[in-house]
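The residues making up each chain are set out below.
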Protein chains: 2
Amino acid sequence: MLSEEKDDAEAVARIEAAFPLSFMIHQLQIKLGAQARALIAQHGDLTLPQWRIIRVIGMDAADGSTAIRKVLGFDKSQFSKTVTQLQARGLVEVLDHPVDRRQFRLALTGEGRAALDRLTPVLSARNEYLMQALSPEERALIRPALQKLSIAAETTDIPTGTDT
Amino acid sequence: MLSEEKDDAEAVARIEAAFPLSFMIHQLQIKLGAQARALIAQHGDLTLPQWRIIRVIGMDAADGSTAIRKVLGFDKSQFSKTVTQLQARGLVEVLDHPVDRRQFRLALTGEGRAALDRLTPVLSARNEYLMQALSPEERALIRPALQKLSIAAETTDIPTGTDT
DNA sequence: ACCTTATCGTTGACTTTTCCACCTTGCCGA
DNA sequence: TCGGCAAGGTGGAAAAGTCAACGATAAGGT
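Conventions used here
Residues numbered from 1 in each chain as written. Chains lettered and ligands numbered in written order. Predicted model: local features only at pLDDT ≥ 70, side-chain atom pairs only at ≥ 80, totals over all residues. Heavy atoms only, no water. Near = heavy atom within 4 Å. Polar contact = N/O pair within 3.5 Å; in protein donor to acceptor, adjacent residues only side chain to side chain. Helix = DSSP H or I, 4+ residues; strand = E, 2+ residues; numbered from the N terminus. Nonpolar A, V, L, I, M, F, W, Y, C, P; charged D, E, K, R; others polar. Contact = heavy atoms within 4.5 Å. Buried area = accessible area lost by both parts, 1.4 Å probe. Salt bridge = Lys/Arg side-chain N within 4 Å of Asp/Glu carboxyl O. Least-squares fit on C-alpha atoms with pLDDT ≥ 70 in both. Buried < 20%, exposed > 50% of the residue type's maximum accessible area, 1.4 Å probe, protein only. Phe/Tyr/Trp six-rings, centres within 6.5 Å; stacked < 30°, edge-to-face > 60°. Lys NZ or Arg CZ within 6 Å of the ring centre and 35° of its normal. Axes fitted to C-alpha atoms, helices over the stretch in contact; angles between N-to-C directions. Parallel < 35°, antiparallel > 145°, perpendicular 65-115°, else oblique. Left-handed = near helix turned anticlockwise from the far one by under 90°.

Peer 1: I would appreciate a short explanation of the protein's contact with DNA strand C in the present structure.
Peer 2: If you check the shell around DNA strand C, you find 24 residues, and the closest are Gln78 and Arg101 of chain A together with Ser65, Ser80 and Arg102 of chain B. Of what DNA strand C places within 4 Å of the protein, 60% of the atoms are sugar or phosphate. Between a base nitrogen of DNA strand C and a side-chain N or O atom of serine 77 of chain A, the distance comes to 2.9 Å. The separation between a base oxygen of DNA strand C and a polar side-chain atom of lysine 76 of chain B is 3.0 Å. At the level of secondary structure, the elements contributing two or more residues to the surface near DNA strand C comprise helix H5 (76-88) of chain A together with helix H4 (65-72) and helix H5 (76-88) of chain B. When grouped by side-chain class, the residues that make up the surface near DNA strand C number four nonpolar, eight polar and 12 charged.

Following this line, the structure appears as structure tokens:
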């Protein structure tokens, strides 16, 4: 009799139906993080934040520290520490910023790019797998939806129930 | 001249366009977590994980430890430690589980329910605020989408690019 | 009934993340 | 041009989260 186990699953479903959105996202993030860590660990020895930074630098869409830090949403301190680690491991090069002397530019070293090339296929396949779990409409809507939420999540003072 | 600042913002937008989904969710979760911490801190002295557990118990949809732990996605260890804190602070009561002797049941004490009632309006208003940032279709689709992703995120071995 | 396997919660060591104070650099109005 | 304020990065302390090992209970197959 697996009624107990089933009861737990039913209880989970019952709760999830009325779950705050932020809880759902948190729960999802926990699972995604664990999945990513497992994949990264199987194919190298980067940490998850290290991988994220390398991945963004490798997109060649920006090299300023602030831009990279902000897309990732990283805390200043964590970003600083992770970049130091990457630099110490010779995966990333830290260069002067041409305009803003507070910032710096980031570039991959040969070794850094090698790590990126080794990991990219694996993580891309995962991303594909995740996207395939969604219906076409969901695929189309989820990115803008997440972006809107991301902006809304930056508000510090919430309009108190003056809505209707 | 705010060209520098603007350049950063443009770079961020450029990167985000081609961002892996998992990165977007991670970035969103960071912001949501910070927002929730700020709100909770303003209205009491709970930690975020403590609040989450209290909130779920207060839904009265389940009281078994496993069900509560799994909807939140919490690590066993973290869950155990946070429940101990809540019990020590007298916010939560730990009772025997009627069927499974490995688990326990959780219930709010009077003080626990008071904390819940104090915080709920604030956090509910935030949830409303977040939902209002979405279009009606997005609102309708986001929950099932996140649930599908959550299931997909549990897969440990990803089908390697054999798709086409 | 029995044996094997899986799940549960707890613990301790460890890593990661957050928070805060600090100093430097850029921004903008007086 | 100066003076205040915002934004950038660093470093240390505290909190949160992760991981592996353990003993106890359940579940499932034989």
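The rest of the description comes next.
Peer 1: Would you mind going over the interface of chain A and chain B with me for this structure?
Peer 2: Accessible area lost during the coming together of the parts is what is often quoted as the interface size. In this assembly, 73 residues from chain A lie in contact with 73 residues from chain B. In total, chain A and chain B occlude about 7,500 Å² of area from one another, counting both sides; carbon and sulfur atoms represent 67% of this. Along the contact surface separating chain A from chain B lie four salt bridges. Here lysine 148 of chain A and glutamate 138 of chain B are joined by a salt bridge, their closest N and O atoms 3.0 Å apart. Our count for the contact surface shared by chain A and chain B stands at 26 residue pairs in polar contact (both at pLDDT 80 or more). Listed by contribution, the elements that provide at least two residues to the side of chain A that touches chain B are helix H1 (3-17), helix H2 (21-42), helix H3 (48-57), helix H4 (65-72), helix H6 (110-132) and helix H7 (136-152) of chain A.

Peer 1: What should I look at first to understand the relation of the copies chain A and chain B in this one?
Peer 2: One chain copy maps onto the other through a rotation about an axis and a shift parallel to that axis. Overlaying chain A with chain B gives an RMSD of 0.1 Å, the required rotation being 180 degrees about an axis along which the chain moves by 0.0 Å. What the superposition gives is, in effect, a two-fold axis relating one chain to the other.

Peer 1: Explain the pattern of salt bridges here, please?
Peer 2: Between side chains of opposite charge, pairing is possible as soon as their charged atoms come close. Residues and elements named next belong to chain B. Enumeration according to the criterion identifies 12 salt bridges over all chains in this entry. With a closest N to O distance of 3.9 Å, aspartate 60 and arginine 113 form a salt bridge. In this pair, aspartate 60 is assigned in the loop between helix H3 (48-57) and H4 and arginine 113 in helix H6 (residues 110-132), connecting sequence segments 53 residues apart. The exposure class of aspartate 60 is exposed, given its relative accessible area of 60%.

Peer 1: How should I be thinking about the packing of aromatic side chains in this particular structure?
Peer 2: By convention here, two paired aromatic rings are described through the distance between centres and the angle between planes. Within this structure, the stated rule accounts for two aromatic pairs over all chains. Seen from their ring centres, phenylalanine 19 of chain A and phenylalanine 23 of chain A are 5.2 Å apart, and the 90 degrees between their planes marks the pair as edge-to-face. For phenylalanine 23 of chain A, a relative accessible area of 5% puts it in the buried group. Positioned above the aromatic ring of phenylalanine 23 of chain B, the side-chain terminus of arginine 52 of chain A is 5.7 Å from the ring centre.

Peer 1: Could you clarify how one ought to interpret the protein's contact with DNA strand D in this entry?
Peer 2: Around DNA strand D sit 25 residues in total, of which Ser65, Ser80 and Lys81 of chain A together with Gln78 and Arg101 of chain B are the nearest. Sugar plus phosphate: this is where 64% of the atoms of DNA strand D within 4 Å of the protein reside. Within the side chain of lysine 76 of chain A, an N or O atom sits 2.9 Å from a base oxygen of DNA strand D. Residue serine 77 of chain A places a side-chain N or O atom 3.0 Å away from a base oxygen belonging to DNA strand D. At the level of elements, H4 and H5 of chain A together with H5 of chain B are the ones that each hand at least two residues to the surface near DNA strand D. Among the residues forming the surface near DNA strand D, the class breakdown is five nonpolar, eight polar and 12 charged.

Peer 1: Is there a simple way to explain the packing of H3 of chain B against H4 of chain B in this structure?
Peer 2: Helix-helix packing is described using two parameters, namely the angle between the two axes and the distance between the axes. Residue and element names in this part refer to chain B. Viewed as axis vectors pointing N to C, H3 and H4 meet at an angle of 125 degrees, and their least axial separation amounts to 10 Å. By the angle between their axes, H3 is oblique relative to H4. Here H3 runs over H4; the crossing is right-handed. For the pair H3 and H4, contact is made by Arg52, Ile53, Val56 and Ile57 and by Ile68, Val71 and Leu72, respectively.

Structural measurements only, silent on function.
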